[in-house]
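One-letter residues, chain by chain:
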Amino acid sequence: MTQVFNFSAGPAVLPRDVLLQVQQELTDWHGSGMCVMEMSHRGREFTQIIHEAEADLRQLLAIPADYKVLFMQGGAHFQFGMLPLNLARQDDTVDYVNTGHWSKIAIKEARRFANVNIAASSEDRHFTYVPDEAGWKRTAGAAYLHYCSNETIGGVEFPFIPDSGDVPLICDMSSNILSKPVDISKFGLIYAGAQKNIGPSGLTLAIVREDLLGRARPETPTMLDYKVHADGESLYNTPPTFGIYVAGLVFKWLLSQGGVKGIEQRNIEKASLLYETIDASNGFYSSPVDKPYRSRMNVAFTLKDEKLDDAFLEGAKARDLLQLKGHRAVGGMRASIYNAMTVEGVRALTDYMREFAGSKG
Ligand SMILES: *Cc1c(COP(=O)(O)O)cnc(C)c1O
């Protein structure tokens, strides 16, 4: 069996134990004689699977009782449009913070459905920091305030939760949800595509405060109304059943790792190993991101001479260190080190980085 270390930004590595359990249960889930893919989403077995997944997620994130958990489809991209359709009218103003690639796409989509005010932007310095909250220009009476807590491509992470006052705070948490404890009560709505830190692509998670349900515009397609999914307990239509099953196993795995507090400690350790290697390389490697905002999930770095990029990637591949090429928008390298990446994998990478720098530096 080939054992590799997969640094993909998404779809990303899953815990090996989870994959082995899926393999073991694939043709016969808990003595049912069926694969989860073959089960009715309204049957007894799947009902148990989705209820346990929700209960475990609620425990992991200490989700308050007045929040609904929704398992949906369409990825974060669907949420970019679903959000203004549900929470704003065409002539409302919605505030967005622009910290990179995913913020920009969310903003572009929101502009189709409401007036967008850019409350703050870090575009002036190529999205390498988070603008100081004290300087944000927010709209009085905005329908909501939106931000992306971790810019997956630039490798920029918010070290704080914005204070939105009475305005509902909305977060695209696709790439750092479940990586650390978070106070859910500060948010109106959180959404996340599953394929970074939760499970297979095709599943999208939303955590929404109940008072924000039932506000969709009359013309909103049924499938894009949060209330429809909440009332149907995520079973209004056939949900991505296999994805929910795998996500449920990931939640159980996380609980076995000491929950989000336990995994946070490991995430800090992994990110520190990488950033220390970068910073100690005498400029051979560099991180473009200002230190306080360096992501623990997506470590972007460049080599001092981009002509070495191909050799770096080739050498990495020879050591089974995979998918390290940076996004085409940023260039360089990116090591995504989500919850399921092991410390061992990060050590293998940092050993290689030192060796490569030694041979070429
Ligand atoms: C991956 C990602 C997206 C896009 O997710 P899709 O499932 O492809 O729609 C959006 N936002 C963030 C922060 C992401 O990491």
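Everything that follows concerns the structure shown earlier in this document.
What counts, and where the lines are drawn
- Residues numbered from 1 in each chain as written.
- Predicted model: local features only at pLDDT ≥ 70, side-chain atom pairs only at ≥ 80, totals over all residues.
- Heavy atoms only, no water.
- Core = buried A, V, L, I, M, F, W, Y, C linked by side-chain atoms within 4.5 Å.
- Buried < 20%, exposed > 50% of the residue type's maximum accessible area, 1.4 Å probe, protein only.
- Domains from an automatic or database assignment.
- Contact = heavy atoms within 4.5 Å.
- Helix = DSSP H or I, 4+ residues; strand = E, 2+ residues; numbered from the N terminus.
- Expected span 1.5 Å × (residues − 1).
- Arc of directions from axis to C-beta.
- Near = heavy atom within 4 Å.
- Polar contact = N/O pair within 3.5 Å; in protein donor to acceptor, adjacent residues only side chain to side chain.

Caption draft 1: Local environment of the nonpolar core. Leu61, Ile177, Leu178 and Ile198 are the most contacted members of the largest nonpolar core, which totals 56 residues. Composition of this core by domain shows at least three residues from each of domain 1 (16-256) and domain 2 (259-360). Residues in contact with isoleucine 198, not counting those within four places in the same chain, are Ile177, Leu178, Ala192, Gly193, Leu205, Ala247, Val250 and Phe251. In this structure, Phe80, Leu87, Ala110 and Ile153 belong to the second largest nonpolar core, which totals 32 residues.

Caption draft 2: Helix α2 (residues 44-61), seen in detail. In a regular helix each residue adds 1.5 Å, so 18 residues correspond to 26 Å; α2 covers 26 Å between its end C-alpha atoms and thus fits that length. Listed as buried for α2 are Glu45, Phe46, Ile49, Ile50, Ala53, Asp56, Leu57, Leu60 and Leu61. All buried residues of α2 project into a common sector of 130° when viewed along the axis, lining one side. Exposed and facing more than 90 degrees away from the buried side of α2 are Arg44 and Gln59. Its buried side turned inward, α2 meets β2 (67-72), β10 (204-209), α6 (241-256) and α7 (259-279). Count one or two residues on from α2 and you reach alanine 62, which has phi positive near 45°.

Caption draft 3: Structural detail: the site of the ligand. Around the ligand, 13 residues are found, and the nearest of them are His77, Thr152, Asp172, Gln195 and Lys196. Separating a nitrogen atom of the ligand from a side-chain N or O atom of aspartate 172 is a distance of 2.7 Å. Note that an oxygen atom of the ligand is positioned 2.7 Å from one of the side-chain N or O atoms of lysine 196. The biggest single contributor to the shell around the ligand is helix α3 (residues 75-87), with four residues.

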